[in-house]
Amino acid sequence: MTTVAAYAAPAAKAPLERTTIERREVGEFDVLIDIKFAGICHSDIHQAREGWGEAIFPMVPGHEIAGIVSEVGSGVTKYKVGDRVGVGCLVDSCRECENCKAGLEQYCTGGNVGTYNAIDKNGEPTYGGYSEKIVVDENFVVRIPDGLSLDVAAPLLCAGITTYSPLRHWNAGPGKKVAILGMGGLGHMGVKIAHALGAEVTVLSQSLRKKEDGLKLGADHYYATSDENTFKELRGTFDLILSTVSAPLNLDQFLSLLKTDGAFVNVGAPEEPVRLNLFSVIGGRKTLAGSGIGGIQETQEMLDFCAEHGFGAEIELIKADQINEAYERVLNSDVRYRFVIDTATI
Ligand SMILES: [Zn+2]
Ligand SMILES: [Zn+2]
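This is a predicted model, so every value here is computed, not measured.

## Some thoughts on the overall build of the protein chain
(1) Moving on: Helices and strands together make up the secondary structure of the protein chain, namely 11 helices and 17 strands.
(2) Moving on: The globule rule puts the C-alpha radius of gyration for 346 residues at 20 Å, and the 20 Å found for the protein chain is close to it.
(3) Moving on: If you line up the protein chain on its principal axes, its C-alpha atoms span 60 × 40 × 35 Å.
(4) Moving on: When each of the 346 residues of the protein chain is scored for burial, the buried share is 48%.

Following this line, the structure appears as structure tokens:
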């Protein structure tokens, strides 16, 4: 075991504080990663505050991890000391079910292991990226291409793949009209990726406050959903709407913006169940769907895609002692567009 410094929530809703945790010895197929940067995802806050149900404490959140390999197990073939690597939301899965075999580890039916707030195969709780080092099986580690700085790469491990996977699955590309609903951590990545895929991109945001940013990041159009005219003007427009918001929505109203055979895909999740009139999908043969992160291979593909197109996330770099303040700012949508912790300050 190795003792490493970390920031942890000692109990639900308690502020995070500096502490130490134990990392397992580097096993045959493990890599030890010196974490350099860790992104703050909205789901870190949901979990640290038990917004999604009972959680494991103390909790070290963080599933947007970028760092450097500092040791490898004897059986490791994919990585060597000095490699630039990332770890996202998963650190293991059953590896045997139909989904795992298809590279869809995020939908593992045998039980996958979250990067934090989960129980690992050895029976110990997992601790995430707000820490100095992490030990991960090489099969759940991805390579960060040289063209991508580690700080702007970190948020790609959750925000990037969460938007990339559905945009690819629903064929965002040339000739397709894609709307990104919400202009936060996920939304801003959705805009960049959909634009890079060649789609015509519209941002649907509550207000026009971030319009200039949205257009700069690659959006072709930008509308406020607080304006009723938006729904009249854009009726029947989109092939795909990607919703990144976790606030309750009037789904019937948003489904009316789809073309025939269009899809409304949720990657943000409200805490309460939703209501809709099913005629909103019956008329126009529409799809209401969801999507969760992405598999390991697809995460690698996403990183390579972002590097090839020369972009990472838009970030605000913070010190570890600013985490609690950053949480409050995320809750107030006061971040452009992802906080990233410089883990050297832990
Ligand atoms: Zn996340
Ligand atoms: Zn599985």
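## Re the nonpolar core
(1) Moving on: Ranked by internal contacts, the top residues of the largest apolar core, which has 100 residues, are V178 and I241.
(2) Moving on: A total of 6 residues in this core trace back to one element, the largest contributor, which is strand β3 (residues 30-39).
(3) Moving on: Two domains each provide a minimum of three residues to this core, namely domain 1 (2-157 + 313-345) and domain 2 (160-290).
(4) Moving on: Ignoring sequence-local partners within four residues, the contact set of V178 consists of A172, A194, A199, E200, V201, F238, D239, L240 and L242.

## Observations regarding the pairing of strand β4 (residues 65-72)
(1) Moving on: In the sheet, β3 pairs with β4 via 7 bridges, with the strands oriented antiparallel. From the neighbouring strand, D34 faces β4, where its bridge partner is I68.
(2) Moving on: With 4 bridges connecting them, β4 and strand β5 (residues 84-87) associate as antiparallel partners. Pairing of A66 across the sheet is with G86, part of β5.

## Details of the packing of helix α4 (residues 159-169) against helix α5 (residues 185-196)
(1) Moving on: Taken N-terminus to C-terminus, the directions of α4 and α5 make an angle of 50°; their axes are 8 Å apart at the nearest point. In this view, α4 runs oblique relative to α5, as classed from their interaxial angle. Judged by the sense of rotation from one axis to the other, the crossing of α4 with α5 is right-handed. Facing α4, whose interface residues are A159, G160, T162, T163, Y164 and L167, α5 presents G185, L186, M189, G190, I193 and A194.
(2) Moving on: Among the residues forming the contact of α4 with α5, the class breakdown is 7 nonpolar, 5 polar and no charged.

## Re the UniProt feature "domain: Enoyl reductase (ER)" (unreviewed entry) in the protein chain
(1) Moving on: In the numbering adopted here, UniProt assigns the feature "domain: Enoyl reductase (ER)" (unreviewed entry) to residues 14-341.
(2) Moving on: The span residues 14-341 is 25% helix and 25% strand, and its two end C-alpha atoms sit 19 Å from each other.

## Quick notes on the domain arrangement of the protein chain
(1) Moving on: In terms of domains, the protein chain is made up of domain 1 (2-157 + 313-345) and domain 2 (160-290).
(2) Moving on: On a C-alpha basis, the centres of domain 1 and domain 2 stand 28 Å from each other.
(3) Moving on: Domain 1 puts 13 residues into the contact, and the matching count from domain 2 is 9 residues.
(4) Moving on: Looking at the side of domain 1 that touches domain 2 residue by residue, the classes come out as 6 nonpolar, 4 polar and 3 charged.

## Looking at α5
(1) Moving on: Taking 1.5 Å per residue, 12 residues should reach 16 Å; α5 reaches 17 Å between its end C-alpha atoms and fits that length.
(2) Moving on: By the criterion of burial, α5 is predominantly enclosed, with 11 of the 12 residues buried.
(3) Moving on: Listed as buried for α5 are G185, L186, G187, H188, M189, G190, V191, K192, I193, A194 and H195.
(4) Moving on: Two residues or fewer past α5, G198 is found with a positive phi of approximately 100°.

## Thoughts on the pairing of strand β13 (residues 238-243)
(1) Moving on: Summarising burial for β13: 6 of the 6 residues are buried, a large majority.
(2) Moving on: The sheet contact formed by β13 and strand β14 (residues 258-266) spans 5 bridges and is parallel. Bridge pairing in β14 places L240 opposite A263.

## Some points on the sheet that holds strand β11 (residues 200-205)
(1) Moving on: Here we have 6 strands laid out as an open sheet, ordered β12-β11-β10-β13-β14-β15, and parallel in their pairing. Of all strands in the sheet, those bounded by a partner on one side alone are β12 (221-224) and β15 (287-290). Each strand of the sheet is rotated relative to its neighbour by a mean of 20°, with strand direction disregarded.
(2) Moving on: Alignment of strand β10 (residues 177-181) against β13, held across 4 bridges, turns out to be parallel. Of the residues in β13, the one forming a bridge with V178 is L240.
(3) Moving on: Contacts between α5 and the sheet are confined to β10, β11 and β13, with β10 contributing the most and set at about 165° to the helix.

## Thoughts on unusual backbone geometry
(1) Moving on: Omega for the bond connecting F57 with P58 falls within 30 degrees of zero, at -5°, which places this linkage in the cis form.
(2) Moving on: Counting through the fold element by element, P58 comes out in the loop between α1 (42-48) and β4.
(3) Moving on: Geometrically, the link from R336 to Y337 is a cis peptide bond, its omega value of -10° lying close to zero.
(4) Moving on: If you trace the backbone, Y337 turns up in the loop between α11 (323-331) and β17 (338-342).
(5) Moving on: With phi around 55°, S333 is a residue other than glycine that occupies positive phi space.
(6) Moving on: Positionally, S333 belongs in the loop between α11 and β17.

Conventions we followed
Residues numbered from 1 in each chain as written. Chains lettered and ligands numbered in written order. Predicted model: local features only at pLDDT ≥ 70, side-chain atom pairs only at ≥ 80, totals over all residues. Helix = DSSP H or I, 4+ residues; strand = E, 2+ residues; numbered from the N terminus. Rg over C-alpha atoms; globule rule 2.2 N^0.38 Å. Buried ≥ 20, exposed ≤ 12 C-beta atoms within 10 Å, placed from the backbone. Core = buried A, V, L, I, M, F, W, Y, C linked by C-beta atoms within 7 Å. Domains from an automatic or database assignment. Contact = placed C-beta atoms within 7 Å. Pairing = 2+ DSSP bridges. Axes fitted to C-alpha atoms, helices over the stretch in contact; angles between N-to-C directions. Parallel < 35°, antiparallel > 145°, perpendicular 65-115°, else oblique. Left-handed = near helix turned anticlockwise from the far one by under 90°. Nonpolar A, V, L, I, M, F, W, Y, C, P; charged D, E, K, R; others polar. UniProt positions renumbered as here; feature names shortened; annotations may be inferred. Expected span 1.5 Å × (residues − 1).

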